[in-house]
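Results of the structural survey
Residue-level listing of the chains:
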Amino acid sequence: MEIRQLTAADAEVYRDLRLEGLQTNPEAFGASFEEEMDLSIESFASRLEGQGTFTFGAFNQEDLLGVATLVQANKVKLKHKASIFAVYVSSKKRGLGIGKQLMIEIINQAKTLVDVEQINLTVVSSNVSAKGLYTSLGFHVFGTERNALKIGQQYFDEDYMVLYF
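Note that the structure is a prediction, hence the values are computed from the model and not measured. Residues take numbers from 1 onward in each chain, read along the sequence in its written order. Residues qualify for local features only when their pLDDT is at least 70, as the model is predicted, and side-chain atom pairs are given and counted only at 80 or more; totals for whole chains, interfaces and linings, by contrast, use all residues. Hydrogens are left out, water is left out, and the side-chain values use all remaining heavy atoms of the structure.

**Thoughts on the sheet that holds strand 3 (residues 63-72)**
In a beta sheet, neighbouring strands pair by backbone hydrogen bonds and run either parallel or antiparallel. Here 7 strands make up an open sheet; going across it, the order is 1-2-3-4-5-7-6 and the pairing mixed. Looking at the sheet topology across the chains shown, the edges are occupied by strand 1 (2-5) and strand 6 (140-151). Taken over all neighbouring pairs, the strand axes of this sheet differ in orientation by 25° on average, direction set aside. This element, helix 1 (residues 11-24), spans strand 2 (53-60), strand 3 and strand 4 (81-89) of the sheet and lies at about 85° to strand 3. By this definition, two strands are paired if DSSP reports at least two bridges between them. To qualify as a helix, a DSSP run of H or I must reach at least 4 residues; to qualify as a strand, a run of E must reach at least 2; elements of each kind are numbered from the N terminus. Here, axes are lines fitted to C-alpha atoms. For helices the fit covers the stretch in contact, and angles between N-to-C directions go from 0 to 180 degrees. Residue contacts are defined here by distance: any two heavy atoms, one from each residue, within 4.5 Å place the two residues in contact.

**Notes on the nonpolar core**
Within the largest apolar cluster, 27 residues are counted, with the highest numbers of intra-cluster contacts made by Leu70, Ile84, Met103, Ile119, Leu121, Tyr134 and Phe139. Residue assignment for this core shows that the elements contributing at least two residues are strand 2, strand 3, strand 4, helix 4 (98-112), strand 5 (118-124), helix 5 (128-136) and strand 7 (154-164). Of the residues forming this core, the biggest block, 6 residues, is contributed by helix 4. Ignoring any residue separated from it by four or fewer positions in sequence, one finds Tyr134 in contact with Val87, Met103, Leu121, Val123, Phe139 and Met161. One finds Leu6, Tyr14, Phe44 and Leu48 within the second-largest nonpolar core, a separate group that totals 15 residues. Nonpolar cores were defined as sets of buried Ala, Val, Leu, Ile, Met, Phe, Trp, Tyr and Cys residues, with membership established by side-chain atoms within 4.5 Å. The classification of residues rests on relative accessible area computed with a 1.4 Å probe and restricted to protein chains. Under 20% of the type maximum is buried, over 50% is exposed, and intermediate values are partly exposed.

**A few points about the UniProt feature "domain: N-acetyltransferase" (unreviewed entry) in the chain**
UniProt positions are given in the numbering used here, feature names are shortened, and annotations may be inferred rather than shown by experiment. According to UniProt, the positions carrying the feature "domain: N-acetyltransferase" (unreviewed entry) are residues 1-165. Segment residues 1-165 splits into 30% helix and 37% strand. End C-alpha atoms: 28 Å apart.

**Some points on the pattern of salt bridges**
In the sections that follow, a salt bridge refers to a side-chain nitrogen of Lys or Arg positioned within 4 Å of a carboxyl oxygen of Asp or Glu. The tally for this structure, following the rule as stated, stands at 6 salt bridges. Close ionic contact of Asp10 with Arg4 constitutes a salt bridge, the shortest N to O distance being 2.8 Å. Judged by relative accessible area, Asp10 falls into the buried class, the value being 8%. In this structure, Arg47 engages Glu36 in a salt bridge whose closest nitrogen and oxygen atoms are separated by 3.1 Å. You can see Arg47 sitting in helix 3 (residues 41-47) and its partner Glu36 sitting in helix 2 (residues 33-36), a full 11 residues away along the chain. Of the residues examined, Glu36 reaches a relative accessible area of 5% and is grouped as buried.

**A word on the packing of aromatic side chains**
The rule is short: rings of Phe, Tyr and Trp, with Trp giving its six-membered ring, pair when the centres are within 6.5 Å, and they are stacked under 30 degrees, edge-to-face over 60, tilted in between. Applying the stated criterion across every chain, the model contains 4 aromatic pairs. Relative to Phe44, the ring of Tyr14 lies with its centre 6.0 Å away and its plane at 70°, an arrangement referred to as edge-to-face. In this pair, Tyr14 is assigned in helix 1 and Phe44 in helix 3, connecting sequence segments 30 residues apart. The pair Tyr14 / Phe44 is uniform in exposure class, with both members buried. Taking 6.0 Å as the distance between ring centres and 55° as the angle between the ring planes, the aromatic pair formed by Phe142 and Tyr160 counts as tilted. Placement of the pair is Phe142 in strand 6 and Tyr160 in strand 7, with a sequence separation of 18 residues. Ring-over charges, as used throughout, are those where CZ of Arg or NZ of Lys falls within 6 Å of the ring centre and within 35 degrees of the ring normal. The ring centre of Phe165 lies 5.7 Å from the NZ or CZ of Lys111, which sits over that ring.

Here's what the structure looks like:
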C-alpha cells in the first residue's frame, strides 16, 4: 500500500471514493451525496489543489482505498490550527489499519507546516471505531455538539477533538 498526497490527476478516483463515502456513511460528512453527485471532475480536481489543503490517499496499485484531508487555517489569529476533514476508508477495506496510516501521514504533514500547533477534527459521537483511532493517536474530546447533523428526521451528535503538539 502507498500513502501519498493526491493531485488533480487523481480527481476521478477521488470523486468515486468520495461519492461511495457519502452514500455508505452519510452521517460522517457535512455534505450529501445529492449535493456532490453531479459535480464535475474539474470541481473535484480543484479541491485537491487548494492552497493550504492536503488530501492524502491510500492506494493499492491504482485503487484508492481511503482518504483524509488536512486544511491549515489562513487567518492570522488562526494559523496555529489545522483541521482534518473527510476521513473515509472504503467499507470493503476497513479494519486493515488504513485509517491509522492516513492519520499518521496527516499528523506528520501538519507538523511540517509553519505555525501549526494543534489539529482539530469532528467525529460523529456514535462512531466508536473512529473515536478510538483518534484517541490512540493522542486526540481528546473537548466538546460535543448535539444534533450537529440531520439526515431526514434523524439527528447525529458530533464530538470535537484536538491534538496539541
